[in-house]
Amino acid sequence: MHIVVLLKAVPVVGTERLDPSAYVQRAQLEANGNDEYVLEKALKLTEANGGEVSLLSMGPPAALDALRKALAMGATRAYHVTDDAIAGSCIRATVAILAAALRKLEFDLLFVGADTSDGLGGVVAPALAARLGLPYLSYASEIEPLDGGVRVRRLSAAGYDVLEAPTPALVMGTQVLGEPRYPSLRGIMQARSKEVVTWSLADLGIEPPSVGESGATTRLTGSKAPPARSGAQVVRASPEESVTAVIDFLAARRLI
Amino acid sequence: MVTVWAVGEVADGKPSKLTLELATTARSLGGGETATLLVGEGAAAAAAEVAAFSTRVMVVETGAPGGPVAASMATRIAALVSQRSPDLLLIGATPDGKDVAGALVGLTDLPILVNGSGMTWEDGAPHVEMSTFGGRLVTRSTFTGSRGIILIRPSSVTAEQAQQTGEVEAIPLDAVDELPPVRVTDRVAKAGAAASIDDARVIVGGGRGVGDAQGFRLIQDLADALGGAVGATRAVVDAGWIAYGQQIGQTGKIVKPSLYLACGISGAIQHKVGVQTAGTIVAINKDPDAPIAEFADLLVVGDLFQIVPALTEAIQARRRGSS
Ligand SMILES: Cc1cc2nc3c(=O)[nH]c(=O)nc-3n(C[C@H](O)[C@H](O)[C@H](O)COP(=O)(O)OP(=O)(O)OC[C@H]3O[C@@H](n4cnc5c(N)ncnc54)[C@H](O)[C@@H]3O)c2cc1C
Ligand SMILES: Nc1ncnc2c1ncn2[C@@H]1O[C@H](COP(=O)(O)O)[C@@H](O)[C@H]1O
């Protein structure tokens, strides 16, 4: 079984900022949290059933740190799409580039995260499935390989739906799949010699002007700090007085 | 003239609240041609209610789909988009909405703006506001061309009825290109599913400070007294005290209640991103230096086991007094 896991390197959560050209600054990067859940599940499935996990990431050279960590967790190899012309890519371009890279790979399952901490889009997975003609199973809380297929529990408002499809298929997963492991010391040592294949846009047959800043279909027109909260009013009192304070506060704001 | 379609969501023949919000947003834009599009099982039944909020309602009734809803919706919308070339599609930033929108990007190659929390119309173009970087920045974006898909979060606007009820057009749409097959082999409803936090006006959140699964009884009681829903942090969802559907934050849901009451929650950045646009945030925490102090409006320093039950009682008493 070969599972490809899409992993985006995102700015460390809590430190994100725009650079002078109004792109998200990509200096200090970490693996997108949601992608680590699907990676963990991919590792568990291949450990139990045999097979390999490949990582695919599109991003600047600094993304390599996040890929090395994922290799240290146990992935077999990584494909890194990197090219100066990629900076400023919109979602449409991201989908085109990732789809081109995926067409070069053969896999049984493609695992994608639910969304990214810097983009909060949650649309790359369904877009890739539609573009590549893969069955799409989303919001997975459980993933079970079948003979020639896959079964997934998709979280629903009421509980969950059980979905089945033939492979190759794309599965978008959630945190419910289980907490990602920490890399072991041995894993970290091994990761140093694992294969990282670097692809440029030319390797993927993509014309640079169609992506990145020049091909962008969306643009930022402004940014501002949100209206500041006035700072917390602090209550330190007996439980009874605290309750009265809360009631008065809520009543003043017409919330009760 | 600009054509704007709001794409609705229907469950059991009823439109979601977000559908009415999207219809309202579409109507308020650009003065162009606007419509609400309902696709799926029960679309026809939902049309009358949606018409009160729309200039026009386009209905594609499908009957029960064999696979996931989003796939059957997306292929039909893609077919309509290629027939009628609307400029803008407004879609809800919900799990199904994101699946539909993403599939449309794949099928039609339309550009997309995501995570919209508000929208204005300037110089003939939509400008979409989004809250990003854990609430530290609000950005505005637009399309470089004239067409695209916009994802809008629940509760970004208040739904308002139109002055005139819109006309309803039933669109027969057979034979559309299907996406690869995914079968739904079972639908499992869990007993006693909690009230949804998606569009709750009041949410009472519980964190590790609640102690154990049993402790959530206190949180539930307070939520009941306030007529609200119960939210939670990842720590307590991972611990199995409460279902993932109630989780607020980066890998849970992003919510926008009028009141968020956080009990025994430290306010980690991954939690904060899910609630920072709440109207009012009240925190009960025994640690005055917990990060939540930085974004709460009222911080009560104290033991939630003493304060929460007393607060519940006080609110119940107030309710009885006023009824
Ligand atoms: C990739 C990633 C994604 C994540 N996504 C999310 C997410 O979506 N949502 C989320 O919530 N977290 C998320 N987290 C986890 C997040 O970082 C925090 O670990 C989590 O929010 C902490 O939960 P907590 O506030 O319940 O627990 P803690 O941080 O342990 O805080 C408990 C608080 O309770 C207080 N307390 C204890 N006892 C009492 C008492 N008797 N009375 C009053 N106060 C008391 C303590 O002072 C403390 O402040 C994510 C983390 C990662 C790495
Ligand atoms: N640049 C990228 N490289 C690799 N995977 C990506 C990239 N962008 C998005 N993804 C994948 O798509 C998922 C959803 O991303 P998004 O739709 O941007 O929120 C992520 O969780 C990743 O698994």
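Residues numbered from 1 in each chain as written. Chains lettered and ligands numbered in written order. Predicted model: local features only at pLDDT ≥ 70, side-chain atom pairs only at ≥ 80, totals over all residues. Heavy atoms only, no water.

(A) Focus on the environment of Val13 of chain A. Within the secondary structure, Val13 of chain A sits in the loop between strand 2 (9-11) and strand 3 (29-31). A residue is classified by how much of its surface remains accessible, and Val13 of chain A, at 18% relative accessible area, is buried. Apart from residues no more than four positions distant in its own chain, Val13 of chain A is found in contact with Glu30 and Ser117 of chain A together with Gln250, Ile269 and Gln270 of chain B. (Helix = DSSP H or I, 4+ residues; strand = E, 2+ residues; numbered from the N terminus. Buried < 20%, exposed > 50% of the residue type's maximum accessible area, 1.4 Å probe, protein only. Contact = heavy atoms within 4.5 Å.)

(B) Broad picture of the domain arrangement of chain B. All names here are of chain B. Considered domain by domain, chain B is made up of domain 1 (2-170) and domain 2 (202-322). Taking only C-alpha atoms, the centre of domain 1 and the centre of domain 2 are 32 Å apart. At the junction of the two partners, domain 1 supplies six residues and domain 2 supplies seven residues. Carbon and sulfur atoms supply 49% of the area buried between domain 1 and domain 2, which totals about 530 Å² over both sides. Among the residues domain 1 hides against domain 2, the three largest losses belong to Gly134, Arg153 and Ser155. Together they make up 62% of the total. Summed over the shared surface of domain 1 and domain 2, the number is zero salt bridges. (Domains from an automatic or database assignment. Buried area = accessible area lost by both parts, 1.4 Å probe. Salt bridge = Lys/Arg side-chain N within 4 Å of Asp/Glu carboxyl O.)

(C) Highlighting the side chain of Thr251 of chain B. Within the fold, Thr251 of chain B resides in the loop between helix 6 (234-238) and strand 16 (259-263). Exposure remark for Thr251 of chain B: the relative accessible area of 11% places this residue in the buried category. A polar contact of 2.6 Å, which involves the side chain of Thr251 of chain B, links it to the side chain of Gln175 of chain A. When near neighbours in sequence (up to four residues on either side) are disregarded, Thr251 of chain B contacts Asn34, Tyr37 and Gln175 of chain A together with Arg234 and Tyr244 of chain B. (Polar contact = N/O pair within 3.5 Å; in protein donor to acceptor, adjacent residues only side chain to side chain.)

(D) Quick look at the sheet that holds strand 13 (residues 183-189) of chain B. Read from one edge to the other, the open sheet built from ten strands follows the order 11(A)-5(A)-4(A)-1(A)-6(A)-10(A)-7(A)-8(A)-9(A)-13(B), with strand pairing classed as mixed. The open sheet terminates on both sides in strands that have one partner only, identified here as strand 11 (196-199) of chain A together with strand 13 of chain B. Averaged over all neighbouring strand pairs, the angle between strand axes comes to 25°, with direction disregarded. In this sheet, strand 10 (residues 169-173) of chain A lies alongside strand 6 (residues 109-113) of chain A in parallel orientation, the contact comprising five bridges. What sits directly across from Gly113 of chain A, in strand 10 of chain A, is Gly173 of chain A. (Pairing = 2+ DSSP bridges. Axes fitted to C-alpha atoms, helices over the stretch in contact; angles between N-to-C directions.)

(E) How the structure looks around the site of ligand 2. Residues and elements named next belong to chain A. Close contacts around ligand 2 come from 18 residues, with Asp35, Met58, Thr116, Gly122 and Val123 the closest. Within the side chain of Thr116, an N or O atom sits 2.9 Å from an oxygen atom of ligand 2. With respect to ligand 2, the backbone of Gly121 contributes an N or O atom lying 3.3 Å from an oxygen atom. Compared with its free state, where it exposes 490 Å², ligand 2 has 96% of that area covered by protein. Of all the elements in the fold, those that place two or more residues in the shell around ligand 2 are strand 4 (52-58), helix 3 (91-103) and strand 6. Looking at which element gives the most residues to the shell around ligand 2, the answer is strand 4, with three residues. When its residues are assigned to classes, the shell around ligand 2 shows eight nonpolar, seven polar and three charged. (Near = heavy atom within 4 Å. Areas by Shrake-Rupley, 256 points an atom, 1.4 Å probe, with all protein chains shown as cover. Nonpolar A, V, L, I, M, F, W, Y, C, P; charged D, E, K, R; others polar.)

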